[in-house]
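Each chain is listed here by its residues.
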Amino acid sequence: DGGITQSPKYLFRKEGQNVTLSCEQNLNHDAMYWYRQDPGQGLRLIYYSQIVNDFQKGDIAEGYSVSREKKESFPLTVTSAQKNPTAFYLCASSKIDAAEKLFFGSGTQLSVL
Amino acid sequence: SQQGEEDPQALSIQEGENATMNCSYKTSINNLQWYRQNSGRGLVHLILIRSNEREKHSGRLRVTLDTSKKSSSLLITASRAADTASYFCATELMEYGNKLVFGAGTILRVKS
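Residues numbered from 1 in each chain as written. Chains lettered and ligands numbered in written order. Predicted model: local features only at pLDDT ≥ 70, side-chain atom pairs only at ≥ 80, totals over all residues. Heavy atoms only, no water.

Draft legend 1. Representation of the interface of chain A and chain B within the structure. The interface of chain A with chain B comprises 23 residues on the first partner and 22 residues on the second. Viewed at the interface, chain B and chain A are joined by 3 residue pairs in polar contact (both at pLDDT 80 or more). Counting only elements with at least two residues in the side of chain A that touches chain B, the list comes to strand S4 (31–37), strand S5 (43–51) and strand S9 (87–94) of chain A. For the side of chain A that touches chain B, the element with the most residues is S5 of chain A, which contributes 4 residues. Considering only residue class, the side of chain A that touches chain B consists of 11 nonpolar, 7 polar and 5 charged. (Contact = heavy atoms within 4.5 Å. Polar contact = N/O pair within 3.5 Å; in protein donor to acceptor, adjacent residues only side chain to side chain. Helix = DSSP H or I, 4+ residues; strand = E, 2+ residues; numbered from the N terminus. Nonpolar A, V, L, I, M, F, W, Y, C, P; charged D, E, K, R; others polar.)

The structure is reproduced here in structure tokens:
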């Protein structure tokens, strides 16, 4: 089955720790995205990538980093500089741009210990 | 960035009734999409309507777009308990490149 896989489902971060959220897709999509969702709010774009080895900042990139070494993978690192990391993180992909629909993973809930 | 705003924030109806959710946005768009999210899950694409379209149907879903009023509506007919979810509109803004901007969503509860 084609789709997007996010792992882990739940993640806990200690003070000063960097954590990495995994996102893998086998849809052969060029574009991949990371969104943050806070309770009762919409999705806010963190980073996006339209091609391997290239990515752009979204609206709330501070305290986050990404890489796109392979077309299938777009991991997100939440660094210690992100002071309020508790949120639901969603990875998505699309064929080339938002003119096509986004396919979402099932999300990772990140909490601070 | 500009966001779509859904109205109402929450909606509770009986099974079999119709549910209508509205989305307003502020600037010109290329297209508008509706997504559904079950609690604790990812979003699922429902329907896309382009700026030159006025109405689209997909099964029990009907979406309208009024670019003069900068608004869209999502109608779910003959609702079912399984329709209980959050519904989000997302706009591809002309000046925002090819990225989507999501609204805060409408929480729909369908009581059986």
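The rest of the description comes next.
Draft legend 2. Spatial organisation of the sheet that holds strand S8 (residues 76–78) of chain A. Residues and elements named next belong to chain A. Pairing is antiparallel in the open sheet, where 4 strands are placed in the order S1-S3-S8-S7. A single partner strand is all that each edge strand has here, and the edge strands are strand S1 (4–7) and strand S7 (64–66). In this sheet, adjacent strand axes meet at a mean angle of 20° when their direction is disregarded. Bridge count between strand S3 (residues 19–25) and S8: 3 bridges; the pairing is antiparallel. Bridge pairing in S8 links Val19 to Val78. (Pairing = 2+ DSSP bridges. Axes fitted to C-alpha atoms, helices over the stretch in contact; angles between N-to-C directions.)

Draft legend 3. Region of interest: the pattern of salt bridges. One pass over the structure, following the stated rule, counts 6 salt bridges over all chains. The closest approach of N and O atoms between Arg44 of chain A and Asp38 of chain A, which form a salt bridge, is 2.8 Å. Residue class for Asp38 of chain A comes out buried when judged on its relative accessible area of 10%. Among the ionic pairs, Asp83 of chain B bridges to Arg60 of chain B, the shortest N-O distance being 2.9 Å. Here Arg60 of chain B lies in the loop between strand S6 (55–58) and strand S7 (61–66) and Asp83 of chain B lies in the loop between strand S8 (71–76) and strand S9 (85–93), a separation of 23 residues in the sequence. Relative accessible area serves as the criterion here: at 6%, Asp83 of chain B is assigned to the buried category. Of the residues examined, Arg60 of chain B reaches a relative accessible area of 23% and is grouped as partly exposed. (Salt bridge = Lys/Arg side-chain N within 4 Å of Asp/Glu carboxyl O. Buried < 20%, exposed > 50% of the residue type's maximum accessible area, 1.4 Å probe, protein only.)

Draft legend 4. Representation of the packing of aromatic side chains. For the coordinates displayed, the defined rule picks out 9 aromatic pairs over all chains. Seen from their ring centres, Tyr33 of chain A and Tyr48 of chain A are 6.4 Å apart, and the 20° between their planes marks the pair as stacked. A residue pair is termed long-range when its members are at least 10 positions apart, and Tyr33 of chain A in strand S4 and Tyr48 of chain A in strand S5 qualify at 15 residues. For the pair formed by Tyr33 of chain A and Tyr48 of chain A, the shared burial category is buried. Centre to centre, the rings of Tyr35 of chain A and Phe104 of chain A are 6.0 Å apart; their planes meet at 40°, and the pair counts as tilted. Of this pair, Tyr35 of chain A sits in strand S4 while Phe104 of chain A is found in strand S10 (residues 103–104), placing the two residues 69 residues apart along the sequence. Just as Tyr35 of chain A is buried, Phe104 of chain A falls in that class too. Grouping aromatic residues by their ring pairs yields a cluster made of Tyr33, Tyr35, Tyr48 and Phe104 of chain A together with Tyr35 and Phe102 of chain B. When the ring centre of Phe74 of chain A is taken as reference, the NZ or CZ atom of Arg68 of chain A above it lies at 6.0 Å. (Phe/Tyr/Trp six-rings, centres within 6.5 Å; stacked < 30°, edge-to-face > 60°. Lys NZ or Arg CZ within 6 Å of the ring centre and 35° of its normal.)

Draft legend 5. Local environment of the side chain of Gln33 of chain B. All names here are of chain B. The topology assignment puts Gln33 in strand S4 (residues 29–37). There is a polar contact of 2.6 Å between the side chain of Gln33 and the side chain of Tyr35. A polar atom in the side chain of Gln33 sits 3.5 Å from the side chain of His45.

Draft legend 6. Local environment of the pairing of strand S5 (residues 43–50) of chain B. As judged from the 7 bridges shared by S4 of chain B and S5 of chain B, these two strands associate in the antiparallel manner. Bridged to Arg36 of chain B within S5 of chain B is Val44 of chain B.

Draft legend 7. Expanded view of the state of the cysteines. Residues and elements named next belong to chain B. In this structure the tally under the stated criterion is 2 disulfides over all chains. Put simply, Cys23 and Cys89 are joined by a disulfide, and their sulfur atoms are 2.0 Å apart. Between Cys23 and Cys89, the S-S dihedral sits near 60°, and the bridge is therefore right-handed. With a gap of 66 residues between them, Cys23 in strand S3 (residues 19–24) and Cys89 in strand S9 connect regions that are remote in the sequence. The buried category is assigned to Cys23, whose relative accessible area is 1%. For Cys89, a relative accessible area of 0% gives the class buried. (Disulfide = S-S within 2.5 Å.)

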